[in-house]
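Residue-level structural notes
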Amino acid sequence: MSTLAVNLLGIVEHPEIDGMTPYRIDADGRPYVPAGDGGVVLGVRLGDPAFGFDADHVAPGACLVHPDPAARHALTAYACVGNEVVVRTGAARGARGWVVGKRGEAGRVIVSMAQEHLAALRPGDGISVRGHGQGASLGVPGVEVLNLDPRLLGLLPLRVEDGKVTVTVRGTVPSRLVGNGLGRPAQMWDLDVQVTPSTPGLAGLRLGDLVALDDVDVRHNMGYRRGWRTVGVVAHGDSPLPGHGPGVTPVLTGPADLLPVTVDPGGEPALSETVLSGAPY
Amino acid sequence: MRAETNAARLVTQILTGEVWPPLADRNGPRLDADGRAFLLPGMGGVTLGVHCGDPATGYAADHLEPGLSIRHRDPGANMALQFLTCVGNTVRTASGAEGFVIGQHAYVLADLPEEALAEVTVGDPVTVVARGQGLRLTDHPALAVKNCSPELVERMPGGTRADGRLEVHVAATVPAEAVGAGAGMASEFANTDLMGAYAGLSPDLSLGLEGLRIGDFVAIEDADHRFGRGYRSGYVTIGVISTGHCMLHGHGPGPSSLITGPAEAFHIVRSPDANLEVIR
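Residues numbered from 1 in each chain as written. Chains lettered and ligands numbered in written order. Predicted model: local features only at pLDDT ≥ 70, side-chain atom pairs only at ≥ 80, totals over all residues.

Below, the discussion takes up the interface of chain B and chain A. Where interface size is quoted, it is often the accessible area lost as the parts come together. Between chain B and chain A, the contact holds 29 residues from the first and 27 residues from the second. Looking at the side of chain B that touches chain A, the elements that each hand over two or more residues are strand 14 (217-224) and strand 15 (230-241) of chain B. Its residues assigned to classes, the side of chain B that touches chain A comprises twelve nonpolar, nine polar and eight charged. (Contact = placed C-beta atoms within 7 Å. Helix = DSSP H or I, 4+ residues; strand = E, 2+ residues; numbered from the N terminus. Nonpolar A, V, L, I, M, F, W, Y, C, P; charged D, E, K, R; others polar.)

Structural data, given as structure tokens:
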């Protein structure tokens, strides 16, 4: 079956803070004001460290939403990592970029573009998203692809042979460290991983890295399944909140023996501006 | 020795809510962890036939909420109801029937005798006698108490030991791998869904938690719920199972958070009788 592309409209988000208090409480009980949690964020790029900012859930670029809740869920569900976006209104009209990940709850699509275009964006601007990827397949029985533009299948560090998909990742995260996002649909929600710079093998985690989540099955809602594995893209940075952390947008899921990983602690992030612009990995 | 508390300094607030209807959408069924469609009751409304001490799983149900599921119509008042209500608080229906709060699940959940439950329906007003937030165990400064009525702490087996630790009896210990939906949320809201209790589904989903009962006290390993629900190696959270059977992946029987702190501040005793029934 061939996959279908659809044009969606995302609206550049304005950050929101609930109620009359600006404070959230971090995992050690300290209050903080959440900066960088949604909207247009400047100075954060793919390849930057996931633990590199004093911010909350900071994403490399802008977050898109939609004022109608059902349309917002559909925007989030159908937008896929690698989809091209084009600004339709405002001072950045005509600028292009790419979807680099998604976030959950009410739904957000994270798009990356050049800093000068981001600087010209204004919350409320319209951005068209070429939604394409749900329903794509690698042709490997047992291993499912989701949230991924099919054009990236040939550009990411993955190899299909002998009925397996071998992926190069920054590191692996055991399921006990997976937090917010469990129990939610993987097409519309990311998985926050409760890792820190002291988590073995993950001190160098960067935005755009691929990571493996062991014993996690995201096919029909995200949850624990022994012997399963999910691979995703790190789409936003760390959060001070307990139960939260860098956010992973799942792109591959299958039995671990059909989805072996090679850990590369030092290489370039799998998802970069170069890869998104179409250069082969 | 009974653990000392600041209960004498706590105040009581009278709150109201109503029995909230079960909710569905036009698409009907949902999918279980293995991709099979289901359409089953359990969440919202008045759920009959399941009480404290009964098995949590083994029902044709999803997000089973025993007894009454209670909300307030006004959003701000509802958050006060959800945050201020504590496990063990008394609830009263319009006809004067009394029960007690067993936990939260984005609803306040209350167990009443079966014959009283049978007379309640959706929309009926419920009064909640809220007392407990702010409770402290004065001899255990490392431990934080959440969602606990003073009466519950008084009646829970265990207490302060000669070595200074808090003895708590639990029916089960829960590995961190089981923590599902609810991670990252406020400890005073809803509960922690436990995965690995999918009775009747694939064995590769099991974490050995199919034997839980409604009202069981459990100890969640490596869980720090002092400032919200998160993973912290070496911490323990004591909870009470307030919801039951789930089909939806990443969900399951859920403990409401009660006491949380470093593992060395606790002396955990495994006891099959460790259940909220002590509050009756």
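What follows is about the sheet that holds strand 10 (residues 158-161) of chain A. Residues and elements named next belong to chain A. On the basis of which strands lie adjacent, the open sheet formed by three strands has the order 10-11-17 and mixed pairing. Looking at the sheet topology across the chains shown, the edges are occupied by strand 10 and strand 17 (261-263). In this sheet, neighbouring strand axes are inclined to one another by 15 degrees on average, regardless of whether the strands run parallel or antiparallel. Across three bridges, the pairing between strand 11 (residues 164-169) and strand 17 is parallel. In the strand pairing of strand 17, Thr168 is matched with Thr262. (Pairing = 2+ DSSP bridges. Axes fitted to C-alpha atoms, helices over the stretch in contact; angles between N-to-C directions.)

Attention now goes to the nonpolar core. In terms of nonpolar packing, the biggest core is built from 157 residues, with Val99 and Val111 of chain A together with Val101, Ala110 and Val170 of chain B touching the most fellow members. Apart from the residues within four sequence positions on either side, Val111 of chain A is in contact with Gly61, Ala62, Leu64, Val85, Gly97, Trp98, Val99, Val100 and Ile127 of chain A. (Core = buried A, V, L, I, M, F, W, Y, C linked by C-beta atoms within 7 Å. Buried ≥ 20, exposed ≤ 12 C-beta atoms within 10 Å, placed from the backbone.)

This part is about the sheet that holds strand 10 (residues 144-145) of chain B. All names here are of chain B. With respect to topology, five strands assemble into an open sheet ordered 10-16-15-14-13, the strand pairing being mixed. Whereas interior strands pair on both sides, the edge strands pair on one side only; in this sheet they are strand 10 and strand 13 (172-174). Bridging between strand 10 and strand 16 (residues 255-262) involves two bridges; their strand directions are antiparallel. Bridging from a neighbouring strand, Val145 pairs with Ile259 of strand 16.

What follows is about the environment of Thr260 of chain B. Residues and elements named next belong to chain B. On the secondary structure map, Thr260 appears in strand 16. On the basis of neighbour count, Thr260 is assigned to the buried category, with 26 C-beta atoms found within 10 Å. Taking C-alpha positions, Thr260 is 5.8 Å from Val236, a pair spaced 24 residues apart along the chain. With near-sequence residues (within four places) excluded, Thr260 lies in contact with Leu143, Ala144, Lys146, Asp224, His225, Arg226, Tyr235 and Thr237.

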